[in-house]
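# A look at the structure
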Amino acid sequence: MRVLVTPDYRTLSEEAAALVARAVRMKPDLALGLPTGNTPLGMYEELIRKHRQEELDFSRVRTFNLDEYLGIAPGHPRSYHAYMKTRFFDHVNVRPEHAHIPDGSPGIDAALECERYENAIRDSGGIDLLIVGIGTNGHIAFNEPGSSFDSRTRVVSLAPETIQNAWKHFANEAEIPKHAITVGIRTILDARHILLLAAGPAKAEAIERALRSPVSESVPASAIQLHSDVIVILDEAARRH
Ligand code: GLP
């Protein structure tokens, strides 16, 4: 595992985007695992800039988002579909048929959707580079503490802390989804390369536990210690002092 500590969030975003851009240039039909949340926003902005100014070409890239709220239509402004569209896909040339996000629409057969999604990843040849953030409770994607390291794409209940952290994005508590579809820990560990991003002091404790605690299902992010090709990029604030 390589850990890179950057002086600030902007540098973290630039380093992450540089790494993704290098991977895309080396393999134009790269399969990317993509995260949402605040942490990757700067990386997406920098990738958009590289697309516009440095001819970074996404026309053959395939993308698989890591998770989506369940019970929310793709058109809902707080859906991860909407996030990806407004923050990234509208500004680069990823082809719509190459962009995959779990469908958490109300009324969907969620178990079937999870199976379909996991199969889609497998049938595409697997994820080459999976980028992931970390929750304050150590979750990765929506794999909450206690998630099996053998888990694959499935429906999960969100932890109280995760629901609390989602408060700012929703109008009221009733609107916050309590369930999600997420790729599993095993799905994440199957990726050829993993890039974990963490920014800000609120993530310092989770990162410390993920990187230095014994590997345990009570700290989902500690699973990355089991992978042989991981890069972690932290900003200075996310490093424990
Ligand atoms: C949510 C997402 C995760 C993300 C985490 C951290 O729980 N499902 O994929 O890593 O939030 O988000 P942020 O980067 O906003 O702190």
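Residues numbered from 1 in each chain as written. Predicted model: local features only at pLDDT ≥ 70, side-chain atom pairs only at ≥ 80, totals over all residues. Heavy atoms only, no water.

### Quick notes on the sheet that holds strand β8 (residues 179-182)
Strand order across the open sheet formed by three strands is β4-β8-β7, with antiparallel pairing between neighbours. Each edge of the sheet is formed by a strand with only one pairing partner; in this case those strands are β4 (67-69) and β7 (154-157). Strand-to-strand twist in this sheet, taken as the mean axis angle between neighbours without regard to direction, amounts to 30 degrees. By the bridge criterion, three bridges tie β4 to β8 in an arrangement that is antiparallel. In the strand pairing of β8, E68 is matched with I181. (Pairing = 2+ DSSP bridges. Helix = DSSP H or I, 4+ residues; strand = E, 2+ residues; numbered from the N terminus. Axes fitted to C-alpha atoms, helices over the stretch in contact; angles between N-to-C directions.)

### As for the packing of aromatic side chains
Counted according to the given criterion, the structure contains nine aromatic pairs. For the ring pair Y44 and F88, a centre distance of 4.8 Å and an interplane angle of 35 degrees mean the geometry is tilted. Of this pair, Y44 sits in helix α2 (residues 41-53) while F88 sits in the loop between α3 (80-87) and β5 (99-100), placing them 44 residues apart in sequence. The pair formed by Y44 and F88 is uniform in burial state, with each residue classed as buried. Residues F88 and F89 carry aromatic rings whose centres are separated by 5.8 Å and whose planes lie at 45 degrees to one another, so their mutual orientation is tilted. Grouped by ring-pair contacts, the aromatic residues Y44, F58, Y83, F88 and F89 constitute a single cluster. (Phe/Tyr/Trp six-rings, centres within 6.5 Å; stacked < 30°, edge-to-face > 60°. Buried < 20%, exposed > 50% of the residue type's maximum accessible area, 1.4 Å probe, protein only.)

### A short note on the sheet that holds strand β2 (residues 31-34)
By definition, the strands of a sheet pair up through backbone hydrogen bonds, in either a parallel or an antiparallel sense. With parallel pairing, seven strands are arranged side by side in an open sheet as β1-β10-β9-β6-β2-β3-β5. Two strands bound the open sheet, and with one partner strand each, they are β1 (2-6) and β5. In the sheet, β1 pairs with strand β10 (residues 230-235) via five bridges, with the strands oriented parallel. From the neighbouring strand, V3 faces β10, where its bridge partner is V232. Along the sheet, helix α1 (residues 9-26) makes contact with β1, β2, β6 (129-132), β9 (193-198) and β10, crossing β10 at roughly 155 degrees. (Contact = heavy atoms within 4.5 Å.)

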